[in-house]
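Architecture at a glance
Listed below, chain by chain, are the residues.
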Amino acid sequence: MGAKIISGKELSAKLREEIARETASLPVKPGLAVILAGDNPASLSYVKAKEKACQEAGMYSREIRLPGDVSKAELLGTIRELNADAAIHGILVQLPLPKHIPEKEVIEAISPEKDVDGFTAINTGRMLIGEKCFLPCTPHGILKLIEFAGMDLAGKHAVVVGRSNIVGKPVAALLSRKEVNATVTLCHTGTRDLGFYTRQADVVVAATGRAGTLTGDMLKPGAVVIDVGVNRIPDSTRPSGYRLTGDADFESCAPVASAITPVPGGVGPMTITMLLWNTLESAKLHAAR
Ligand code: NDP
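Residues numbered from 1 in each chain as written. Predicted model: local features only at pLDDT ≥ 70, side-chain atom pairs only at ≥ 80, totals over all residues. Heavy atoms only, no water.

**Considering the overall build of the chain**
Let me state the cut-off plainly: Numbering of helices and strands starts at the N terminus; helices are DSSP runs of H or I of at least 4 residues and strands are runs of E of at least 2. Atoms considered for the radius of gyration are the C-alpha atoms alone. The globule rule reads 2.2 Å times the number of residues to the power 0.38. Any residue under 20% of the maximum accessible area for its type is buried, any over 50% is exposed, and the rest in between are partly exposed; the area is computed with a 1.4 Å probe on protein chains only. Contacts between residues were defined by any pair of non-hydrogen atoms, one from each residue, lying within 4.5 Å. Throughout, the Shrake-Rupley method with a 1.4 Å probe supplies accessible areas, and for residues the shown protein chains are the sole cover considered. The charged-residue count follows a simple rule in which Lys and Arg add positive charge and Asp and Glu add negative charge, with His and chain termini not counted at all. Note that the charge is assigned to NZ on lysines, CZ on arginines, CG on aspartates and CD on glutamates.
Along its length, the chain carries 10 helices and 11 strands. Expected size for 289 residues packed as a compact globule is a radius of gyration near 19 Å; at 19 Å, the chain falls within 12% of this value. Expressed as lengths along the three principal axes of its C-alpha atoms, the size of the chain is roughly 55 × 45 × 35 Å. A buried classification covers 50% of the 289 residues belonging to the chain. Taking all contacts inside the chain whose residues are at least 6 apart in sequence as the whole, residues at least 24 apart take part in 68%. Of the roughly 13,700 Å² of accessible surface on the chain, a fraction of 55% belongs to carbon and sulfur atoms. The chain carries 33 positive and 31 negative side-chain charges, and their two centres are separated by 1 Å.

**Some words on the nonpolar core**
Keep this limit in mind: Residues enter a nonpolar core if they are buried and are Ala, Val, Leu, Ile, Met, Phe, Trp, Tyr or Cys, with the set joined through side-chain atoms within 4.5 Å.
Formed by 51 residues in total, the largest nonpolar core has its most connected members in I142, I146, L153, L175, V203, V205 and I226. Apart from the residues lying within four places of it in its own chain, the contact partners of V203 are I146, M151, L153, H157, A158, V159, V224 and I226.

**Structural notes on the pattern of salt bridges**
Put simply, the rule is: Take a side-chain nitrogen of Lys or Arg and a carboxyl oxygen of Asp or Glu: if they are within 4 Å of each other, that pair is a salt bridge.
All told, the structure shown has 13 salt bridges when counted by the stated rule. One salt bridge connects K220 with D202, and the closest N-O pair in it is separated by 2.9 Å. Here K220 is found in the loop between β7 (203-206) and β8 (224-227), whereas its partner D202 is found in the loop between α8 (194-198) and β7, with 18 residues between them in sequence. Given a relative accessible area of 30%, K220 falls into the partly exposed group. Here D235 makes a salt bridge to R243, at a shortest N to O gap of 3.3 Å. A relative accessible area of 32% means that R243 is categorised as partly exposed. It is possible to trace a salt-bridge network through shared partners that takes in K48, E51, E63 and R65.

**Here we look at the packing of aromatic side chains**
Put simply, the rule is: Note on ring pairs: Phe, Tyr and Trp rings are taken, using the six-membered ring of Trp, and paired if centres are within 6.5 Å. Classes follow the plane angle, with under 30 degrees stacked, over 60 edge-to-face and the rest tilted.
One pass over the full model with this rule turns up 1 aromatic pair. Taking 5.0 Å as the distance between ring centres and 90° as the angle between the ring planes, the aromatic pair formed by F196 and Y197 counts as edge-to-face. Its relative accessible area of 46% is what places F196 among the partly exposed residues.

**Quick word on unusual backbone geometry**
Look at the link from L95 to P96: it is a cis peptide, with omega at 0°. In this fold, P96 is placed in the loop between β4 (90-93) and α4 (103-109). Note that the residue after V263, namely P264, is joined by a cis bond; omega there is 0°. Tracing the backbone shows P264 in the loop between β11 (259-260) and α10 (267-288). A positive phi is found at N181, a non-glycine position, where the angle reads about 70°.

**Brief notes about the sheet that holds strand β3 (residues 60-66)**
Condition: At least two bridges found by DSSP between two strands are what make those strands a pair. Think of each axis as a best-fit line through the C-alpha atoms, taken over the contacting stretch in the case of a helix, with angles from 0 to 180 degrees between the N-to-C directions.
Taking strand neighbours across the sheet as the criterion, the 3 strands line up as β3-β2-β4 in an open arrangement whose pairing is parallel. Only two strands of the sheet have a single neighbouring strand rather than two, namely β3 and β4. Between one strand axis and the next, the sheet turns through 15° on average, direction left out of account. One ladder, built from 7 bridges, connects strand β2 (residues 31-37) with β3; its direction is parallel. Looking across to β3, one finds that L32 is bridged to S61. Contacting β2, β3 and β4, helix α2 (residues 41-56) crosses the sheet at an angle of about 160° to β3. Each of β2, β3 and β4 touches helix α3 (residues 72-83); the most contacted strand, β3, lies at about 165° to it.

Shape descriptors only; they carry no functional weight alone.
In structure tokens form, the structure reads like this:
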């Protein structure tokens, strides 16, 4: 028996339709500004995808391209202007930034009311104590995918592999909220015998950035696998020269799991969808003020 595929593509399409409908009914047009410093090709393609998704949802999108040697002062000045710009409800700084720019200082310059990535310390703190805030997009998308898969996590054991500030830690925090009520174990490179923990899990969220971190023998039969990883594996049969794969070894996990997210087409599309969601929320709050 093979695992059911949890399609982030399908759920995204559904949610994006709802977002577009609500956007069309608002008195203000939600506006998202995306700042890109430098010309990292992966970052550029993410920015383009975000811009396209925004336009398809009927939102206003503004791309701000800055040179790779932009000064910190100029970047902070751009953010200050956007913070004060009434047409902009969400500000996103595409990471990673050029090495000479301190990422933390730049993120903290974004007004928490326009921080649609949910990365500022204020929004992270609000999330942790359960106050209303912009939830970080990838973790929020993961919650939506679990809900879409029809899984009730109350009393279940969730094992999160990876403790980054943008994925692992917030996923663990959200899954342990009372309204989700999972028992959460957070694993990382300091974990001895990862399989010991994942074999006890009803759901495993793999967010390590290492292909093959999770294999079928590390799963309890019937577990749900949410694969966040995006890894480029050299593949000479592809025109691009590589293929994308997740952190879970799909071949060995799918026969053991009851449901699994594919890569690509699982968590990835949800991240941009939840960015649109937050931008819409921000515009709604703005309209209500
Ligand atoms: P980071 O590199 O910031 O964090 C990786 C985490 O995984 C670290 O906490 C690290 O532990 C842990 N880790 C690494 N290897 C192992 C291992 N073998 N066993 C246990 N833990 C391990 O990555 P991100 O969280 O930013 O991203 C994770 C993956 O998700 C990447 O592939 C990224 O591309 C992808 N991603 C996908 C998104 C999407 O929209 N689909 C969005 C964001 C990320 P330690 O702390 O000890 O070093």
